[in-house]
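As a plain string of letters, each chain reads:
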Amino acid sequence: MIRVTLASNALHLEAARRLRRSQEVAGGGLELLIWEPRRMRLGPQDSRLWPLRLPVHPLTLSLLVPLARAGAVRELRLAHLRNAGRALRRLAARARRLVLLDDGLDQYREAPRAVDPLAFPAGIDYWLFSDAPAWRAPWCARFRCRDLGPLFDRRHDPPQGVPGPPPPPQGTLIIDSPGVERLQEQAGSLPKPWWLIPHPVRAKRSWTLPLAAGDTCLQVPPEQLLPSWRGTVLVGESLMLLAALRWRVSGSVVRVALPPGSDERLRASVRGEAAEDAAVIWCE
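What you are looking at is a predicted structure, and each value in this text was computed from that prediction instead of being measured. (Residues numbered from 1 in each chain as written. Predicted model: local features only at pLDDT ≥ 70, side-chain atom pairs only at ≥ 80, totals over all residues. Heavy atoms only, no water.)

(A) Region of the structure containing helix α7 (residues 264-276). When the terminal C-alpha atoms of α7 are compared, their 18 Å separation across 13 residues agrees well with the 18 Å that a helix rising 1.5 Å per residue should span. The set of residues buried in α7 consists of Leu266, Arg267, Ser269, Val270 and Ala274. All buried residues of α7 project into a common sector of 160 degrees when viewed along the axis, lining one side. For α7, exposure combined with an orientation more than 90 degrees from the buried face picks out Ala275 and Glu276. For α7, the secondary structure elements touched by its buried residues are α6 (240-246), β12 (253-256) and β13 (280-282). (Helix = DSSP H or I, 4+ residues; strand = E, 2+ residues; numbered from the N terminus. Expected span 1.5 Å × (residues − 1). Buried < 20%, exposed > 50% of the residue type's maximum accessible area, 1.4 Å probe, protein only. Arc of directions from axis to C-beta. Contact = heavy atoms within 4.5 Å.)

(B) Structural view of helix α1 (residues 10-22). The end-to-end C-alpha separation of α1 is 18 Å, in line with the 18 Å expected for 13 residues at 1.5 Å each. In terms of residue burial, α1 counts as a mostly covered element, since ten of its 13 residues are buried. Looking only at α1, the buried set comprises Leu11, His12, Leu13, Glu14, Ala15, Ala16, Arg17, Arg18, Leu19 and Arg20. Near the N-terminus of α1, the side chain that reaches the backbone nitrogen of Leu11, with its oxygen 3.0 Å away, is that of Asn9. (Polar contact = N/O pair within 3.5 Å; in protein donor to acceptor, adjacent residues only side chain to side chain.)

(C) Focus on the pattern of salt bridges. Inspection of every chain in the model, using the stated rule, returns 23 salt bridges. A salt bridge links Glu75 to Arg3; the shortest N-O distance between them is 3.0 Å. Placement of Glu75 in strand β4 (residues 73-78) and of Arg3 in strand β1 (residues 2-7) is noted, with a sequence separation of 72 residues between them. Glu75 gets classed as buried once you look at its relative accessible area, which sits at 5%. Between Glu237 and Arg109 there is a salt bridge, with the nearest N and O atoms lying 2.9 Å from each other. (Salt bridge = Lys/Arg side-chain N within 4 Å of Asp/Glu carboxyl O.)

(D) Region of the structure containing the environment of Gln170. Turning to its location among the elements, Gln170 is positioned in the loop between β7 (144-147) and β8 (172-175). Residues Gln170 and Ser252, spaced 82 residues apart in sequence, show a C-alpha to C-alpha distance of 9.0 Å. In this structure Gln170 touches Lys192, Pro193, Trp195 and Arg230, once residues within four positions along its chain are discounted.

(E) Fine view of the sheet that holds strand β9 (residues 194-197). In space, the six strands of this open sheet follow the order β10-β9-β8-β11-β12-β13, with parallel pairing throughout. Each of the sheet's edge strands pairs with one partner strand only, and the pair in question is β10 (216-217) and β13. Here β9 runs beside β10; their pairing, made up of two bridges, is parallel. The partner of Leu196 across the bridge, within β10, is Cys217. Sheet strands touched by α7: β12 and β13. Its angle to β13, the strand with the most contacts, is close to 135 degrees. (Pairing = 2+ DSSP bridges. Axes fitted to C-alpha atoms, helices over the stretch in contact; angles between N-to-C directions.)

(F) Inspection of the pairing of β12 at higher detail. Direction of pairing for strand β11 (residues 232-235) relative to β12: parallel, over a ladder of four bridges. Along β12, the bridge assignment pairs Val233 with Val254. Chirality of the crossover, the property in question, places the unit of β11, α6 and β12 among those that are right-handed. Crossover handedness for the path β12 to α7 to β13: right-handed. (Right-handed = clockwise from strand over helix to strand, strands pointing away.)

(G) Spotlight on the pairing of β9. Burial along β9 is two-sided: Trp194 and Leu196 facing one way and Trp195 and Ile197 facing the other are all buried. Of the pairings in the sheet, the one linking β8 to β9 comprises four bridges and is parallel in character. The residue bridging Ile174 from the neighbouring strand is Leu196, located in β9.

(H) The arrangement of the packing of helix α3 (residues 58-69) against helix α4 (residues 86-94) in detail. At a minimum axis separation of 8 Å, α3 and α4 run at an interaxial angle of 25 degrees. The orientation of α3 with respect to α4, classified from their angle, is roughly parallel. As for how α3 packs across α4, the hand of that crossing is left-handed. The residues of α4 that touch α3, namely those facing Pro58, Leu61, Ser62, Leu64, Val65, Ala68 and Arg69, are Ala87, Leu88, Arg90, Leu91 and Arg94. Here the residues of the contact of α3 with α4 sort into eight nonpolar, one polar and three charged. (Parallel < 35°, antiparallel > 145°, perpendicular 65-115°, else oblique. Left-handed = near helix turned anticlockwise from the far one by under 90°. Nonpolar A, V, L, I, M, F, W, Y, C, P; charged D, E, K, R; others polar.)

Encoded structure:
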């Protein structure tokens, strides 16, 4: 018997890690991780959690379909079936049990972008991060929502990554993300210096204003800086929005702008946060 976990990005992988660590393997069997090498790196712990690992490939999935038809795939863990090929859909249809993994901001959207709730049986386990459970959309109630804990935990140090400069005592941290370009209209009021973290995907970069002398472009994960940032933070429609809110320290300000046409429930949640916390400034 095989339990298959499909991780298409680093968030899926972290959700799968937490779930895998929290549960013993009932009844033995193989643990198989199918992962996307172009979008994530595996760590030493992953070798222990998944002794058998294969990269995402149509052939990999096609080879699993006969096993699923024979009843050998006892569980398939995945985030969604968006853009799924025929082999993955057949695998999902034949697996004995399906388990859903968190896919980021979708749980907070009235109309999720990637997850199609009706594509999965009602009542199956849906493992979600709990950074903002009050924001969770009603459609999540179709499933048995299970708690992975917060993705951005205040009790722990931020994830380790490429060493970066220490956070400055003042200034503006710009987390490039969809919608943040709307905050460029406020450029004259943004404290200097500016510290820009470009979006990792060049095609999705939104901040277009040039940096001046004294400003800096940082090639570090925002998670390294946010827990101790004492200044202004600009953020758009990104998981870093949740990180900026959870890790905001006393004296700092978070300015949020979402792109036009973004999900109204998500907008309402941010609007409500701003109404309760004067240090969260919502750009309508």
